[in-house]
Amino acid sequence: MNLREAIRTRKTSNGHFDPRPVSLEHQRMLVEAAERAPSHFNSQPWRFVLIDDPHVRSKIASIGGRTMTQLIEGGSFFTRYRKYFRFSQEEMDERRDGIFIDQMPMALRPFIKQVFSDNVMNVLSKLGVAKLLGEDNRKLIEGSPLLLAALLTKEEYKPGELSGYYCTLSLGMAIEHVWLMTGELGMGIQFVSTPMEIPEAWEELKTVLQVPDDLELMAVYRLGYLPPEKQRPRIDWRSDHRKRLSQIAFRNTCANPEPDAPSTL
Ligand SMILES: Cc1cc2nc3c(=O)[nH]c(=O)nc-3n(C[C@H](O)[C@H](O)[C@H](O)COP(=O)(O)O)c2cc1C
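Reading guide: rules and limits
Residues numbered from 1 in each chain as written. Predicted model: local features only at pLDDT ≥ 70, side-chain atom pairs only at ≥ 80, totals over all residues. Heavy atoms only, no water. Near = heavy atom within 4 Å. Polar contact = N/O pair within 3.5 Å; in protein donor to acceptor, adjacent residues only side chain to side chain. Areas by Shrake-Rupley, 256 points an atom, 1.4 Å probe, with all protein chains shown as cover. Nonpolar A, V, L, I, M, F, W, Y, C, P; charged D, E, K, R; others polar. Phe/Tyr/Trp six-rings, centres within 6.5 Å; stacked < 30°, edge-to-face > 60°. Helix = DSSP H or I, 4+ residues; strand = E, 2+ residues; numbered from the N terminus. Buried < 20%, exposed > 50% of the residue type's maximum accessible area, 1.4 Å probe, protein only. Arc of directions from axis to C-beta. Pairing = 2+ DSSP bridges. Core = buried A, V, L, I, M, F, W, Y, C linked by side-chain atoms within 4.5 Å. Contact = heavy atoms within 4.5 Å. Axes fitted to C-alpha atoms, helices over the stretch in contact; angles between N-to-C directions. Parallel < 35°, antiparallel > 145°, perpendicular 65-115°, else oblique. Expected span 1.5 Å × (residues − 1).

Chemist: Help me understand the site of the ligand, please; the structure alone is not making it clear to me.
Modeler: Taken together, Arg10, Lys11, Thr12, Ile99, Gln190, Phe191, Ser193, Trp237, Ser239 and Arg242 form the complete shell of residues around the ligand. A distance of 2.7 Å is found between an oxygen atom of the ligand and a side-chain nitrogen or oxygen belonging to threonine 12. Take serine 193: an N or O atom from its side chain is 2.3 Å from an oxygen atom of the ligand. Out of a free accessible area of 620 Å², the ligand has 60% covered by protein chains. Residues belonging to the shell around the ligand are distributed by class as follows: three nonpolar, four polar and three charged.

Chemist: I'm lost on the packing of aromatic side chains in this one. Help?
Modeler: The way to describe two aromatic rings as a pair is by their centre distance and the angle between their planes. A full pass over the atoms with the stated rule returns four aromatic pairs. Where tryptophan 179 meets tyrosine 221, the ring centres are 6.3 Å apart and the plane angle is 75°; that geometry is what we call edge-to-face. Residue tryptophan 179 is found in helix α9 (residues 162-184), and its partner tyrosine 221 is found in strand β6 (residues 215-225); the two are separated by 42 residues along the sequence. When its relative accessible area of 13% is taken as the criterion, tryptophan 179 is described as buried.

Chemist: Can you walk me through helix α10 (residues 199-208) in this structure?
Modeler: The α-helix advances 3.6 residues per turn, and as a result positions three or four apart in sequence lie on the same side. Within α10, burial applies to Ala201, Trp202, Leu205 and Lys206. For α10, the buried positions fall inside an angular range of 145° around the axis, keeping them on one side. Facing away from the buried surface of α10 by more than 90 degrees, the exposed residues are Glu200 and Thr207. Looking one or two residues beyond α10, the residue adopting positive phi is glutamine 210, at roughly 50°.

Chemist: Can you help me understand the sheet that holds strand β3 (residues 99-103) in this one?
Modeler: Backbone-to-backbone hydrogen bonds pair the strands of a sheet. The strands run either parallel or antiparallel. Across the sheet, which stays open at both edges, the three strands sit in the order β2-β3-β7 with mixed pairing between neighbours. Edge positions in the sheet fall to β2 (85-86) and β7 (236-238), since each of these pairs with one other strand and no more. Relative to β7, β3 runs antiparallel, the two sharing three bridges. Paired with isoleucine 101 across the bridge in β7 is tryptophan 237.

Chemist: Looking at this structure, how should I read the nonpolar core?
Modeler: Across soluble globular proteins, you tend to see nonpolar side chains buried next to one another. Counting residues in each nonpolar core, the largest one holds 29 residues, and the members touching the most others are Ala149, Leu205, Leu209, Leu217 and Val220. Mapped onto this core, the elements with two or more residues apiece are α3 (54-74), α4 (76-81), α8 (129-142), β4 (146-153), α10 and β6. With six residues, the single largest contributor to this core is α3. With near-sequence residues (within four places) excluded, leucine 205 lies in contact with Ile60, Ile63, Pro195, Leu217 and Val220. Listed in part, the 25 residues of the second largest apolar core include Leu146, Leu148, Leu223 and Tyr225.

Chemist: Looking at this model, I keep getting lost on the packing of α3 against α10. Mind explaining?
Modeler: Packed helices, taken two at a time, are described by the angle their axes make and the gap between the axes. Running from N to C, α3 and α10 cross one another at 180°; their axes reach a closest spacing of 10 Å. In this view, α3 runs roughly antiparallel relative to α10, as classed from their interaxial angle. Counting all contacts with α3, which are made through Val56, Lys59, Ile60, Ile63, Arg66 and Thr67, the residues of α10 involved are Ala201, Glu204, Leu205 and Val208. In the contact of α3 with α10, the residues fall into six nonpolar, one polar and three charged.

Chemist: What am I meant to see in helix α2 (residues 24-35) here?
Modeler: Between its terminal C-alpha atoms α2 stretches 17 Å, which fits the 16 Å expected from twelve residues at 1.5 Å a residue. Among all positions of α2, only His26, Gln27, Leu30, Ala33 and Ala34 are buried. Across the axial projection of α2, the buried residues extend over an arc of 125°, all falling on one side. Away from its buried face by more than 90 degrees, α2 exposes Leu24, Glu25, Arg28 and Glu32. On the buried face of α2, the contacting elements are β1 (46-51), β4, α9, β5 (187-191) and β6.

So, to be careful, I would describe these as geometric facts and stop short of saying anything about function.
Structural data, given as structure tokens:
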């Protein structure tokens, strides 16, 4: 795969992965790809935990599922993130950002917009939908043959200081390398973010991973080989659209948007 294709086809994998284990060689390729990333003064502030033990995966999965349920039941998930949700192709074509909910149970489709209102979310939670989605998420994580935790050394990661900012940039680049390498290896990757939204759950995760005091847990991902046939989750989205050149790029000063042009990728 050439670089242009790797960048064009990179995407988030929302569905189940093939249950076969990720080979040790491929796991090492992922970490080596990460460490080729740039970092301030070559400080290499990142650390990674490769999690393939089913018992550890299962503990993380149960934290992931439970936090998903909690966030939906508490209403905070949709209140916090509703602005990113798009419900029609027209809305998508106009905004060109956010995530387009294009897969949802038949019975809910006529009410798609209302479904994400606070009232309806409360009713749905009472009907057990939050538990259902949490359980789906738990299964997705538990069934992922590899989880990857990304950490930063606290020697470098000092929030509020420049080194903290440099570290975060560096880790972002390292993770993008992992992401691109998954494409090369026929794998998929997805952020496991719900535990991060609930501080006690994040602490629990740190205990599971035995994170020492000199490291900061920054992110957790689930990975695996892509199955021959993709099965989409009950509620799913697409986010392959991108803004136009004129919306994101300027020439010389911010006063001059770059004219739109056909894609080069
Ligand atoms: C900081 C950050 C947080 C993200 N959080 C989540 C998440 O919680 N769940 C998820 O499925 N994807 C998450 N993503 C992936 C984005 O949703 C995704 O990159 C975006 O919608 C574009 O889609 P694509 O990756 O398929 O191109 C995150 C990405 C970033 C960079």
